[in-house]
Structures are given as structure tokens and as C-alpha cells.
Amino acid sequence: MTERRRGGAFPLPLARLAGAARRPDTLQPQRPLREASRDARPRPAPSGVGLDSVQVRQRMVQRLHAQGIRHEALLRALASVPRHQFIDSALAAQAYEDTSLPIGHGQTISKPSVVARMLSLLLAGSAARARGGLGKVLEVGTGCGYQCALLAQLADSVISIERVRDLFDKARAQLAPLRLDRVRLVHGDGWRGHAPNAPYHSIIAAAVGDEPSPAWLEQLAVGGRLIAPVRSGAQQVLAVVDRELHGYRRLDLEPVHFVPLKSGVD
Ligand code: SAH
């Protein structure tokens, strides 16, 4: 089981990464993660540009690799997207710690290990494996746009919906210089999904509800996979739903902590 093996240094030789990519992460519950904050080595604060942030980001990717994230294209995307540019500059020094951070309006950007876990689960779906990528993606909860920038590197196209106008505007400004022509940002209520572009091979929600939205299930392609946090008693868990030829199969995985899905728009 690839996830349980400790990884070596990153960057890895291309051949090793290519081999690892043929063994996508499976639906095993994740083993406990080593807290990044326990890594006592001094680490430079990202400067915002140049070598500093590249090196600090490589260290983040190295930790994620050691924690079991093995998908080559995902590791490359994580190494290339400048997470510090998506958050308030006052918090930039924490951008590559494994921590969630505020992005305004009471919302948070998820911690890198959770983003990486969700994306690797999505990449292990049967449509994604058959296509060698996430295909057509629906993201609910654009937030600051960080996860959207990662999705853009792993998908044919991304529709990302955000209900808070100010976050939508900021994400658009943030993503513009990255020239993500495969991404379309929508200001709206993602609970309804986005029917005009359905069906989707992959659907990912960044906010928690009681159940996956019926609209998402309906807009999921056969062979497609949906990942969403859902409430389960007093806690939240990560739900993985696969659409099969004659129905849906759902598996609830590890506990998580997400901001709530809200209805309507702000
Ligand atoms: N993936 C994001 C995480 C954002 S946090 C990132 O990388 O930053 C969750 C986001 O979901 C918040 O921005 C919140 O406003 C949004 N959200 C909550 N309910 C929503 C809904 N019904 N439709 C669209 N977005 C929603």
C-alpha cells in the first residue's frame, strides 16, 4: 500500500514519480499526520517572490509526499502554485505550514494536507484514472482560489462557484495573472451545482453540509467521483461518492473540519 510507505527526498527522480503515479492513492483512511509545526528546523519566511518561496514550498511538498501523497501531477501542482499569494500578506509567513488560515468573511483556506488528501482521492476515482486527470470539474467554494489553481493543473476544465461576491472578485483577480484559461469562476449558490456544464467527472466541495447536495449527485457523470465534507453526529467526515452505472456508492472517511455550506449569495 503506497500510502503507508515513508517517502524519500523530494524532488524525486522522474522515474520514481512516474512509477508512483501508476499506483494512485486508495480509499484507505489516512494515517495520522505529523504536524508541520513539530518540524523544529528553522525555516525562512517566504519573501513573496523568488527562491525563498520556491524552497519553502518544496519543503511543504516534501512533507506531503512523506505523508503519503504520491500522485506525480498533484505533487507538481502543489510545488508550483504560490499559496502565499492567495492569502493576506500579514499571514504569508505561515502559508506553507500545515494550517488553515483566514481569508476574510469568516472563511478559511483549508490546510495543505487536507487539500492534497481531497485531490488525491479525487484523482483515484475511476473516471479520473481512465482519463489520466480530473476531466471536467465542479468546485463548490472557490474561497481565495488556491485549490482552484491546483485543480486547473489537474483537470480539462474547472467550474468553480463562490457565494460571497467579495471573495469571488478577489479570487478572479488572484487567478487572472496565472492565465488559467480552463477555469470559469461563477458567483452563485453552489448548492445547486452548475447544470449548464454538467455532467462532471469530478466534484469537490470546500464547505460542509448535512449531506452531499442532490444537485451534485445528479450532475456527477457515471464513473465520476464527488468528495465533500459532511456532518456526522457531532463531527464532520470526508465523504467519497462514486456514481456507478446503476446508482451511487458512498464511503465516509476520516474526520475533518470545514466551514459550513450556506445558501443564497452575499
Ligand atoms: N477551496 C477554498 C476554500 C474556501 S472555504 C480555497 O482554496 O480557499 C469555503 C468557501 O465556500 C467559502 O469561501 C464560502 O464562502 C464558500 N461557500 C459556502 N457555501 C457556499 C455555497 N452554497 N456556494 C458556493 N460557495 C459556498
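Above this text you will find the structure in question.
Attention here is on the structure that accompanies the text. (Residues numbered from 1 in each chain as written. Predicted model: local features only at pLDDT ≥ 70, side-chain atom pairs only at ≥ 80, totals over all residues. Heavy atoms only, no water.)

**With respect to the packing of aromatic side chains**
Okay, so step 1: Taken as a whole, this structure holds 2 aromatic pairs when the rule is applied.
Okay, so step 2: Both rings, one in phenylalanine 86 and one in tyrosine 146, keep their centres 5.9 Å apart while their planes meet at 70°; by these two values the pair is edge-to-face. Here phenylalanine 86 is found in the loop between helix H3 (72–80) and strand S1 (101–104), whereas its partner tyrosine 146 is found in helix H6 (residues 146–154), with 60 residues between them in sequence. The burial state of phenylalanine 86 is the same as that of tyrosine 146; both residues are buried.
Okay, so step 3: A cation over an aromatic ring shows up here: arginine 83 above the ring of tyrosine 146, its NZ or CZ 5.5 Å from the ring centre.
Okay, so step 4: Sitting above the plane of the tyrosine 200 ring, lysine 136 keeps its charged end 5.9 Å from the centroid. (Phe/Tyr/Trp six-rings, centres within 6.5 Å; stacked < 30°, edge-to-face > 60°. Helix = DSSP H or I, 4+ residues; strand = E, 2+ residues; numbered from the N terminus. Buried < 20%, exposed > 50% of the residue type's maximum accessible area, 1.4 Å probe, protein only. Lys NZ or Arg CZ within 6 Å of the ring centre and 35° of its normal.)

**A closer look at the nonpolar core**
Okay, so step 1: Within the largest apolar cluster, 55 residues are counted, with the highest numbers of intra-cluster contacts made by Leu78, Leu119, Leu134, Tyr146 and Leu150.
Okay, so step 2: Counting residues per element, this core draws most heavily on helix H4 (residues 112–123), at 8 residues.
Okay, so step 3: If sequence neighbours within four positions are ignored, leucine 134 has contacts with Leu122, Leu123, Ala128, Leu151, Leu154, Ala155, His201 and Ser202.
Okay, so step 4: Membership of the second largest hydrophobic core comes to 13 residues, among which are Leu138, Ile161, Tyr200 and Leu220. (Core = buried A, V, L, I, M, F, W, Y, C linked by side-chain atoms within 4.5 Å. Contact = heavy atoms within 4.5 Å.)

**With respect to the site of the ligand**
Okay, so step 1: Taken together, 25 residues lie near the ligand, and Thr108, Glu162, Asp189, Gly190 and Lys262 sit nearest.
Okay, so step 2: For the ligand, a nitrogen atom lies 3.3 Å from a polar atom in the backbone of glycine 141.
Okay, so step 3: Glutamine 147 places a main-chain nitrogen or oxygen 3.2 Å from an oxygen atom of the ligand.
Okay, so step 4: When the free accessible area of the ligand is taken as 580 Å², the share hidden by the protein chains comes to 99%. (Near = heavy atom within 4 Å. Polar contact = N/O pair within 3.5 Å; in protein donor to acceptor, adjacent residues only side chain to side chain. Areas by Shrake-Rupley, 256 points an atom, 1.4 Å probe, with all protein chains shown as cover.)

**A closer look at the side chain of arginine 70**
Okay, so step 1: Here arginine 70 lies in the loop between helix H2 (51–66) and H3.
Okay, so step 2: Within the structure, the side chain of arginine 70 is placed 2.9 Å from the backbone oxygen of histidine 65, a separation counted as a polar contact.

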